[in-house]
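An overview of the molecular structure
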Amino acid sequence: MARILALDYGTKRTGIAVTDELQIIASGLTTVATNELMSFLKHYISKEKVELFVVGEPKQMNYEASESEDSIAKFLKTLTKEFPAIPVKRIDERFTSKMAFQTMIDSGLKKKQRQDKALVDEISATIILQSYLYNPS
C-alpha cells in the first residue's frame with residue numbers, strides 16, 4: 001500500500017502529516033514554508049508512494065468557506081496539475097488548531113514550546129489525517 005499525505009495549508013507555513021504504508025497510523029511529518037511546498041512534495045513523492053492527498057478545508061461556523069479558501073483553491077489547481085494521478089480529499093478542519101494546542105498542553109509541553117506555530121501546524125495536519133482515517137467517506 002501507499003501512504004496518505006495530509007496538508008494543513010497556510011499562506012506562510014503548511015503542516016504535513018503522513019500515514020504508515022498500511023494506512024493505520026497518522027504521524028506528523030514536518031512543517032514547510034508554503035513557498036517551498038511543491039518542491040518538498042516532489043522530493044517526498046519521488047522517494048515514497050503516496051496514493052491520496054488529504055487537504056484541510058477551512059470553514060466558518062455556518063459552514064461557509066473561510067477567507068483562506070481562495071489561496072487553497074489556487075494551490076489545489078497546482079497540486080492536481082503536478083500530481084494528476086494522486087486524488088485529493090478535503091476534510092473539514094475547523095477547530096484543528098485549538099485541538100492541536102490542547103494536545104500540546106496535554107502532552108506537557110512548556111509554554112515556550114507551545115508558541116511554536118510550525119509545531120501547531122504539523123499537529124493540525126495530523127488531526128486532519130486522523131479525521132480522514134476514522135471517517136474516510
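This text follows the structure it describes.
Residues numbered from 1 in each chain as written. Predicted model: local features only at pLDDT ≥ 70, side-chain atom pairs only at ≥ 80, totals over all residues. Heavy atoms only, no water.

1. Focus: the sheet that holds strand β1 (residues 3-8)
Ordered by their spatial adjacency, 5 strands build an open sheet running β3-β2-β1-β4-β5, and the pairing between neighbours is mixed. Edge positions in the sheet fall to β3 (26-33) and β5 (88-92), since each has one partner strand and no second. Each strand axis lies, on average, 25° off the axis of its neighbour in the sheet, ignoring direction. Relative to β5, strand β4 (residues 50-57) runs parallel, the two being bridged by 5 bridges. Of the residues in β5, the one forming a bridge with V54 is K89. This element, helix α5 (residues 117-134), spans β1, β2 (13-19), β3, β4 and β5 of the sheet and lies at about 40° to β2. (Pairing = 2+ DSSP bridges. Helix = DSSP H or I, 4+ residues; strand = E, 2+ residues; numbered from the N terminus. Axes fitted to C-alpha atoms, helices over the stretch in contact; angles between N-to-C directions. Contact = heavy atoms within 4.5 Å.)

2. Re the environment of P58
By the secondary structure assignment, P58 is in the loop between β4 and α2 (69-82). In sequence terms P58 and I72 are 14 residues apart; their C-alpha atoms lie 9.3 Å from each other.

3. With respect to unusual backbone geometry
Although it is not a glycine, Q23 adopts a positive phi angle of roughly 60°. Structurally, Q23 can be placed in the loop between β2 and β3.

4. Notes on the pattern of salt bridges
Under the counting rule described, the total for this entry stands at 5 salt bridges. For R3, the salt bridge is made with E48, and the minimal N-O distance between the two is 2.9 Å. One end of the pair, R3, is in strand β1; the other, E48, is in the loop between α1 (37-47) and β4, with 45 residues separating them in the sequence. A residue is classified by how much of its surface remains accessible, and R3, at 17% relative accessible area, is buried. With its nearest N and O atoms 2.9 Å apart, the salt bridge here joins R90 to E69. Note that R90 is positioned in strand β5 and E69 in helix α2, a separation of 21 residues in sequence. The exposure class of R90 is partly exposed, given its relative accessible area of 22%. E69 sits in the buried class, given a relative accessible area of 15%. (Salt bridge = Lys/Arg side-chain N within 4 Å of Asp/Glu carboxyl O. Buried < 20%, exposed > 50% of the residue type's maximum accessible area, 1.4 Å probe, protein only.)

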